[in-house]
Structures are given as C-alpha cells and as structure tokens.
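Structure assessment
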Amino acid sequence: MSTETESVDLVDDATVKNVARAALCAALTGAFAYVSFPYPLSPAPVTLQVLGVFLAGLLLGPVWGGAAMVLYLTAGAVGAPVFAGGEAGIGSLVGPTAGYLWSYPLAAGVVGALVHGRSVGPLGAVGVPRLIGAMAVGVCVIYAVGVAGLMAVLGLSLPNAVLTGAVVFLPAEALKMAAAVGIVRSDRLTAA
Amino acid sequence: MLSYTPGSSLAHRLDPRTKLAAQIAFVVAAFAHTTPGGLAALTLLALGILASAHLSPYSAIYAYRFALPFLLVGPLIEGLTLGGFDLTRAFETGLASYRVLLILLVSAAYVRSTPVRESRAAIQWAVPGKPGAFLGMGTAFVFRLLPLLVADLKRAREAMNARLASERAVHERMALLAVTGVERALGRADGFSLALRARCFAWNPTLPALTFGRLDLPALALAAGLALSALY
Amino acid sequence: MIETRELVHAYDGARALDGVSLTVEDGEFLVLAGPNGSGKSTLIRHWNGLLEPDAGEVLVDSQEVSEDLVAARTRVGMVFQNPRDGFVAATVGADVAFGPENLGLERSEIDRRVAGALEAVNLDGRDEDGVGTLSGGEQERLAIAGALAMEPAHLVLDEPFTGLDEPAREAVLDHLETLSTAGTSVIVVTHDLRDVLGLADRLVVLAAGRVVRNGPPESVDLSGLGVRASC
C-alpha cells in the first residue's frame, strides 16, 4: 500500500484552500460578465466584471489574486465562456478588449499589494481611503493597458482610443468602486 | 453561446497542441499581413478552418457579436476628421478590425472542437511544474464552477427584483448582488476544498494522454508555414 | 477497521469531540446519529485526516492516519453533504476520474474504475453528461461513484438523504446495501433514521461530543436524544 501512495505528491492544505478560492474568484469574474446594468453614457451595458478583479486582489492578496486572474484568462482562452458577452477563445485575448483582459492579473496584483502588502490580513482592519485608493490605482492600470490594447489591435490613435475606450466608461467605474467598498464592509462577509 | 460540442470533424480529431499552435501562427500572420491581399488569403484559410470544425461562419460571428460594435466603431471614429471623412485612414483601421474578426473566427473553431480535458493536458504540457498544474486543474474547476455561480447570481437578482430593488441606486444594487455572489462563492470554496482534499488532490496526477496523429503533421506544417510567412 | 481512541477535538477552545472511542469493523454497516452539533461531522473528518486530533489517535487498517494521508484517504471514501459543491469537473466521467488520476494510476486502470464506479450506482453510459444536468438523487449517486473509484475499504456518507425524494432515497439505500453485502464497511451519518436502521448492524449515537449509545439498532433506547426513529 505505502509503496503505491508514496509517489502521490499531495497539495498541502493551505494551498488547496488558495487554489479553490482562486478558481472561485476566476469563475466569479466570469459570472459577473453575465450581470449587466443599464448605463446611460455607454453604448454597451456595464457589467460587473471589473468587480471580480478588485475582489480577487482584496480577498486573495497580490500573489493568489494575480494567479486567479491568470487562471481566468487561461480558462477563457481554451473555451470557458468567461469573457464579456459569454465569449471565449484565444481570439478574445487579441481582440478589441485584449488590453483590458491582459491588465487583470496586474490590476488584481496591484490592488492586493496596496491593500495587504505581503501578507494577507483581514479586510476589516483596512481603512476605506486605502481601499478606494488601491482600487483607483487598479482602475488606472486597467484603462492604461486597455487603451494601449485598442491602439495596438485596432490601430486607433491615442485620443480616439482614450475617447472610445476610457472616458465614456470611467463614471461607471466609480460606481463599481463604491459597490466594492460596500462589499468588503458588508456584515455578511466575515469569512474574508 | 459558443462551447465544446462532441463530434468527429477533422478539427475534433486533431491534437489540442496542434490547434493551439495553428491559432497562434494565424494571429502572427494576420498581424504581419494586414493588407487586402494578405487578409483575402487568410479569409479563405479561416473559412477552411471553420469548415474543418463543422461550424458555420454565421454562428461563429454571432458568438462574438459583443465585439462587433468595437470593430465597427474603430474605422468610423478614425475616419472622422474636422474637415469631413478621411477614407484612407478609415480603410487602414478597417483592415485592422477585419483581421481581428478573422482571428475570432479561428478561435471559435478551437472552442467548438476541443474538450476541456484535452485543453488541460495541453496547458500542462506547455507550462511545466506546479504553475502548469495550477492552471490545468484550475481551468477544469472554472468550467465546473462558472455555471453554478451564474445560476447563483441569477437567483439573487430575481429575489432582489421581487422585492423591488429597482427603486434603489445602481451602485447599491450592484453591491447587494455582488455581496450575494461573493458570499455564495466563498461558501462553496469551503465545501470545494474539503472535497479536493478528501479525494487526494495532488500535484502529479495522471494526465489525459495526448498523441500526435497522422492528421497533425500537415496541420503543424501549415502552422509553421503561417508563422514563417510573417518574416517576409 | 477504523479505530478511534480517546479522540478530542476543539474549535476555538470549545470541545466538539470530548474523548470519543469507537471501532468500526470491516464490512460493518454502521449508522452514526445525533442531533445537530453533536460532533458527527467532526468525528468522520478525522478518519481521513481532514482534521487533526487535539488528543487521542485514529488508526485506519492499523495505520495512524497522519502517517500516510494518501493511504487514509484512499482507504476511507467520503461523501459530503451537499455533494453539488464538491464536484470538480464539468462532466460525470471526468469527475469520477479525479480521484484515481490523483493516485497516478495508469489510464487503462482509471477507465476501468470509472466504468465500474458508475455502473455500481446505475449511472453507466452517462460519462459525458454535465454534472449540472443531474437530479438530486443522481448527484448523490455520482458523489458515491467518485468515492468508490478510489476503491475504498470503508465508505462514509454525511447526511446522504438530505433533499432527496422517496424514490431517490430508496435508490441510494439499495446501492449502499449492495456495497455492504460486497464487504465494504458503510458508515451513514444522519439525524433521520427512517429506513436506514433496517440495514444497520449497529447504531451509535453522539451527543455533545461523546458516544452516548452504542449497540444493535433494535436494542438502543432513543428517548430524549433528539433523534428521529421514524417520520
């Protein structure tokens, strides 16, 4: 019996928990892509996807939050319908929204690092200004890389890329940050 | 929605690594040859690839309909100038948009013809060690968990609407819905990790076997040709 | 054989198990009952090393659990409450294969075990079905198949009948009886003893982290224990 079982390299308990949470955060980011709220300024409805990116950083910290978003991109690339509009495939990773998608691991890592530093502690101990500041930086990362993506993929000039890809969406991002602060301050979430 | 469908088409019988290599080569070629002639040739190839997966161009385009506004807006906004409409500039951006459409079509063929266990094996072949194991297994988990969480959010939204949540501000509704989503997800995380541990979740499991077949050789040659064409 | 000796387990200082000693014989059909919070789930989680004892020891087939977790988790198959949260793959066949794959078995052996486990719970031929399309009873049976694919000597089921209608419940009971007859120890954790007592060799009742009853089902007096013997 033991000769057979010695070769099995069990994943240790703490890592199992992080892997499970990373997979759930990746899936939740995908599930948020299915929830849209009507928003007057934008041509397309606003989804909660970016909220998933924030939450990955807030709940899992910089390392596992970033890993969760890499997992999100990988699963989407091979066919899990997790991108906006239920899209999937490598095409989405070089499509018009490529820049935004590629920025997610970085943004989750940045949010996680600014909120937690190196070790992930309870969110209740983090002040609201710090939460909002971290997410504002995260939004900047997402839109900077997103606009660069529009320029590279569609050949748009910088002003046009900023206009179509950022300016019209930014007010909605403020709403999502307000929502994210509401979430991490919620009494219903003590497990985080 | 575009998803894997069991079948016996040519694309279904190819090794997932071949299909991934072909897609990447197609992307490289499309970015290198964004000219009317180059894109015309790639259009024929893309249609051939779709046919090899028994997928009609219409359903592939429909699957990516949310990307279409972006692809249309690009040339329009670039063409607009203070003095009128600059056709040359719009045409250039139009070509860039069109190449993206072709790439999307090609990736639709992969999604339609490749089951998750094969993708997972290809991921772990390409990314060695524990990072690869994390991405491979994690991908399988995401496929499993996504429908659960989508259903959670749908139920939460219905319950909110039934209690007239529409009277509240948008960010409050977002927060309420997202809290429920996160709460369910974290609740499931505990049960999920328990099940993983009980079933000996390991770094070194037996992977689905991948073998290149006779069909893969010409497909890989095509992919290599595409990639090399980018140099000229 | 699963031997539990003087087992103590505390969560944040509160004792969930307060010196439990219990031996499950090979091939035995045992029902573990008790009110909510009596320590049932905590006890079974020690049998495959999901929890570590604060005091006392647990031996599975004469080997201490903590010495070889893989062996313990292979010998003791576990089916959790709400099996839906424990499925790890999108399709039936892939989920059942998860355990044997982790053991590093040959592909042909994995295929054999998956086929055998699915047949044992009447889900054969359903490999490619999505786990989300299964009914509640089928999900419970799939979870059992996932545990059986490890070829355990002992099978533990935590509240397997929750949310099942009468036919689904009977189907699960039938499969458990077959397994037990074939020599697998079956331990059913439940607060609802309908029907299952007829199959049991022994009934053990926990209350406040202690064994308060232990004997053949017909001889155990259930009065005042918060356990339902019938509808």
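Parameters at a glance
Residues numbered from 1 in each chain as written. Chains lettered and ligands numbered in written order. Predicted model: local features only at pLDDT ≥ 70, side-chain atom pairs only at ≥ 80, totals over all residues. Heavy atoms only, no water. UniProt positions renumbered as here; feature names shortened; annotations may be inferred. Helix = DSSP H or I, 4+ residues; strand = E, 2+ residues; numbered from the N terminus. Buried < 20%, exposed > 50% of the residue type's maximum accessible area, 1.4 Å probe, protein only. Contact = heavy atoms within 4.5 Å. Areas by Shrake-Rupley, 256 points an atom, 1.4 Å probe, with all protein chains shown as cover. Salt bridge = Lys/Arg side-chain N within 4 Å of Asp/Glu carboxyl O. Buried area = accessible area lost by both parts, 1.4 Å probe. Polar contact = N/O pair within 3.5 Å; in protein donor to acceptor, adjacent residues only side chain to side chain. Nonpolar A, V, L, I, M, F, W, Y, C, P; charged D, E, K, R; others polar.

Per an unreviewed UniProt entry, chain C carries the name Trehalose/maltose import ATP-binding protein MalK and comes from Halalkalicoccus paucihalophilus. Recorded in UniProt for chain C, the comment headed Subcellular location (unreviewed entry) runs: "Cell membrane". What UniProt records for chain C under Function (unreviewed entry) is the sentence "Probably part of an ABC transporter complex. Responsible for energy coupling to the transport system."

Looking at an unreviewed UniProt entry, one finds chain A named BioY family protein and attributed to Halalkalicoccus paucihalophilus. The UniProt entry for chain A carries this comment under Subcellular location (unreviewed entry): "Cell membrane". You can read under Sequence similarities (unreviewed entry) in the UniProt record for chain A the words "Belongs to the BioY family."

1. A closer look at the overall build of chain A
In terms of helices and strands, chain A carries eight helices and two strands. The order of α-helices and β-strands along chain A, N terminus first, is α-α-β-β-α-α-α-α-α-α. Per-residue burial for chain A yields a buried fraction of 61% across its 192 residues. By sequence separation, contacts in chain A at least 24 residues apart represent 64% of the contacts at least 6 residues apart. Of the roughly 6700 Å² of accessible surface on chain A, a fraction of 69% belongs to carbon and sulfur atoms.

2. Considering helix α7 (residues 158–167) of chain A
Listed as buried for α7 of chain A are N160, A161, T164, G165 and A166 of chain A. Taken together, the buried residues of α7 of chain A touch α5 (98–116), α6 (128–154) and α8 (170–184) of chain A together with α5 (68–79) of chain B.

3. Observations regarding the pattern of salt bridges
Within the structure shown, the criterion is met by 26 salt bridges over all chains. Here R107 of chain C and E101 of chain C are joined by a salt bridge, their closest N and O atoms 3.3 Å apart. For E101 of chain C, a relative accessible area of 8% gives the class buried. Residues joined in a network through salt bridges with shared partners are D152, R155 and R188 of chain B together with D85 of chain C.

4. Some thoughts on the interface of chain B and chain A
Across the contact, 69 residues belong to chain B and 72 residues belong to chain A. Looking at the side of chain B facing chain A, the largest losses of area belong to F70, F134 and M174 of chain B, adding up to 11% of the total buried there. Counting across the chain B and chain A interface gives one salt bridge. For the salt bridge of D13 of chain A with R197 of chain B, the shortest nitrogen-to-oxygen distance reads 3.1 Å. The interface formed by chain B and chain A contains 13 residue pairs in polar contact (both at pLDDT 80 or more). For the side of chain B that touches chain A, the secondary structure elements donating two or more residues are α2 (16–32), α5, α6 (87–113), α7 (116–126), α8 (129–162) and α9 (170–198) of chain B. A per-element tally of the side of chain B that touches chain A places α9 of chain B first, with 21 residues. Tallied by class, residues from the side of chain B that touches chain A come to 46 nonpolar, 13 polar and ten charged.

5. Points about the environment of G89 of chain A
Examined against the element boundaries, G89 of chain A turns out to sit in the loop between α3 (49–77) and α4 (90–93). By relative accessible area, which is 0% here, G89 of chain A ends up buried. For the pair G89 of chain A and G76 of chain A, spaced 13 residues apart in the sequence, the C-alpha separation amounts to 5.9 Å. Ignoring sequence-local partners within four residues, the contact set of G89 of chain A consists of G76, A77, G79 and F83 of chain A together with Y64, S107 and V111 of chain B.

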